[in-house]
Amino acid sequence: MRPQDILLPTAAGLCCKPGGFHIDPVRPVERAVITHGHSDHARAGHGAVLATQETLDMMRLRYGENFAGSTQVIRYGEEIRLGDVRVRFQPAGHVLGSAQIAVTCQDTCIVASGDYKDAADPTCAPFELVPCDVFITEATFGLPVFRHGDAADEVKKLLASVALFPERAHLVGAYSLGKAQRVIALLRQAGYDAPIYLHGAMETITHYYQSRGIALGELRPVKGVKKAVLAGTITLAPPSATSDLWTRRFPDPVTAFASGWMRVRARARQRGVELPLVISDHADWDGLTATIGATGAGEIWVTHGQEDALVHWCRSKGLKARPLDLVGYGDEEESEAPIPDEAEA
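Throughout, a residue's number is its position along its own chain's written sequence, starting from 1. For this predicted model, a pLDDT threshold of at least 70 governs which residues receive local features, and a threshold of 80 or more governs which side-chain atom pairs are given and counted, while totals over whole chains, interfaces and linings are taken from all residues. Computation of side-chain values: all heavy atoms of the structure, hydrogens and water removed.

## So, the packing of helix H1 (residues 53-63) against helix H4 (residues 200-211)
Helix axes are fitted only over the stretch in contact, all axes being lines through C-alpha atoms; the angle between N-to-C directions runs from 0 to 180 degrees. Only DSSP runs of H or I with at least four residues qualify as helices, and only runs of E with at least two residues qualify as strands; both kinds are numbered from the N terminus onward. In contact at an axis separation of 11 Å, H1 and H4 are set at 155° when each is read in the N-to-C sense. As far as their axial angle goes, H4 and H1 are roughly antiparallel. Crossing handedness for the pair H1 and H4: right-handed. The segment H1 lies against H4, with Gln-53, Glu-54, Asp-57, Met-58, Leu-61 and Arg-62 engaging Thr-204, Ile-205, Tyr-208 and Tyr-209. Every angle not falling under 35 degrees, over 145, or within 65 to 115 is termed oblique; those three ranges are roughly parallel, roughly antiparallel and roughly perpendicular. We call a crossing left-handed when the near helix sits turned anticlockwise from the far one by less than a right angle, and right-handed when that turn is clockwise. For this analysis, residues touch if any pair of their heavy atoms sits within 4.5 Å.

In structure tokens form, the structure reads like this:
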């Protein structure tokens, strides 16, 4: 069977007609299969949603109990039949509960990887390679300039700054699902055992991570803490809050931002980031190209990101490749909706 008869880009997202579902649809559909809980992939209003327990829980926390007409949990490695296709979820290594979705029809297997990374992360299941005929890859950091390096080294930079400026507070901008918890876990691995403070918008999801057995040490809400007490401390906050009036409650704050985009120094300067931390939950150029090669897929579909560069690389290696040109996906740090009570958190 031709791959395009199994999965096809539509206005609502990637549609599997023989299975009767969409993958990460950007508008309400009858049946949605969701790779992970970030807001540009997991939206409310679908008739039925199939996802991992953690992704369903994230959607429930963000959108309320009635975010979908019905829900179904699928475990990693479990295979179920939907219509004329078989669907299996495997870890994507992106955030807690994130999954690649292997769709098999007759003798053709297509893997929709969602967002993924091949780097170590103590807060989620590691990426698992899934051999396939067609691999659908993201290209968020699909340019050779993006080589992220070791996240532990970036955390060492943060701790060195804390030691150098004990009279200042350190504010780390980080996306509230996945990035914040990873930064906290990396700080603990580096031996930092002091309390870490949280912006109010970070608390619910971070405490959920703890409830799933992710060890994050002592965490405290920053709300109501006296300014002087915050000298020499680390606070995690949404990226938008670090350039907000909210920062005035901190003593001479050092503004940091944990993102793969911090590899581009001009972007750090534009955001007024004093301490850029190159920590990404997406595969970098080397990770993307290595993964593509390792899947054994003869055909590569590229989506949301630097599509043209990765398509060109694939073709130079003799692979059949094309951009999917799906709309509605992007860097979750930019697409996250504002928190209504952010100024008070």
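Okay, back to it.
## Considerations on the sheet that holds strand S11 (residues 134-139)
Across the sheet, which stays open at both edges, the seven strands sit in the order S7-S8-S9-S10-S11-S18-S19 with mixed pairing between neighbours. Two strands in the sheet have a free side with no partner beyond their single neighbour: strand S7 (79-82) and strand S19 (320-323). Strand-to-strand twist of the sheet, defined as the mean angle between neighbouring strand axes without regard to direction, takes the value 25°. The pairing of strand S18 (residues 299-305) with S19 spans four bridges and is parallel. By the bridge assignment, Val-302 is partnered in S19 with Pro-323. Docked against the sheet, helix H6 (residues 285-295) engages S11 and S18, running at close to 175° with respect to S11. When DSSP finds two or more bridges between two strands, those strands count as paired.

## What to know about the confidence of the model for the protein chain
Note: pLDDT gives the predictor's confidence per residue, expressed from 0 to 100. With 95% of its residues at a pLDDT of 70 or more, the protein chain shows a mean pLDDT of 94. Note that residues 333-345 has pLDDT below 50 and, in this model, 29 contacts with residues that lie over four places away or in other chains.

## With respect to the pattern of salt bridges
Any Lys or Arg side-chain nitrogen located within 4 Å of an Asp or Glu carboxyl oxygen qualifies as a salt bridge. Across all of its chains, the model carries 17 salt bridges by this definition. A salt bridge links Arg-75 to Glu-78; the shortest N-O distance between them is 3.7 Å. Relative accessible area decides the class of each residue, using a 1.4 Å probe on protein chains only: under 20% of the type maximum gives buried, over 50% gives exposed, and in between gives partly exposed. Its relative accessible area of 57% is what places Arg-75 among the exposed residues. The class of Glu-78 is partly exposed, set by a relative accessible area of 22%. Of the charged contacts, one joins Asp-121 and Arg-182 as a salt bridge, the two residues approaching to 3.9 Å between their closest N and O atoms. Of this pair, Asp-121 sits in the loop between strand S10 (108-112) and S11 while Arg-182 sits in helix H3 (residues 179-189), and the two are 61 residues apart along the sequence. Among the residues examined, Asp-121 registers a relative accessible area of 12% and is labelled buried.

## Regarding the nonpolar core
Formed by 36 residues in total, the largest nonpolar core has its most connected members in Leu-158, Val-172, Leu-187, Tyr-209, Ile-234, Leu-236 and Leu-277. Per-element tally for this core: the top contributor is H3, with six residues. Within this scheme, the nonpolar core is defined by two criteria: the residues are buried Ala, Val, Leu, Ile, Met, Phe, Trp, Tyr or Cys, and they are joined through side-chain atoms within 4.5 Å. In terms of nonpolar packing, the next biggest core, distinct from the first, is built from 27 residues, Ile-6, Val-87, Val-134 and Trp-301 among them.

## What to know about helix H2 (residues 151-164)
Since the α-helix advances by 3.6 residues per turn, residues separated by three or four positions end up pointing in the same direction. Given the number of residues in a helix, its expected span is that number minus one, multiplied by 1.5 Å. Over its 14 residues, H2 runs 20 Å from end to end, which matches the ideal 20 Å to within 8%, given 1.5 Å per residue. Taken as a whole, H2 has its buried residues at Ala-151, Glu-154, Val-155, Leu-158, Leu-159, Ser-161 and Val-162. Across the axial projection of H2, the buried residues extend over an arc of 155°, all falling on one side. Residues of H2 that are exposed and point over 90 degrees away from its buried face: Lys-156, Ala-163 and Leu-164. Lining the buried residues of H2 we find strand S12 (170-173), H3, strand S15 (234-237), strand S16 (254-258) and strand S17 (275-277). Where H2 begins, the side chain of Asp-150 points an oxygen toward the backbone nitrogen of Ala-152, at a separation of 2.9 Å. This arc corresponds to the set of directions leading from the helix axis out to the C-beta atoms. Any N or O atom pair separated by 3.5 Å or less is treated as a polar contact, with the protein-specific requirement of one donor-capable and one acceptor-capable atom, and with residues adjacent in sequence counted only for side-chain atom pairs.

## A few points about the sheet that holds S16
With parallel pairing, the six strands of this open sheet are ordered in space as S14-S13-S15-S12-S16-S17. Edge strands, defined here as strands with exactly one partner in the open sheet, are strand S14 (219-221) and S17. Neighbouring strand axes in the sheet, compared pairwise and without regard to direction, differ in orientation by 25° on average. Pairing analysis gives three bridges linking strand S13 (residues 196-198) to S14, with the strands arranged parallel. Looking at the pairing, Leu-198 lines up with Pro-221 of S14. Each of S12, S15, S16 and S17 touches H2; the most contacted strand, S17, lies at about 155° to it. Each of S13, S14 and S15 is contacted by H4, which is oriented at about 120° to S13, the strand it contacts most.

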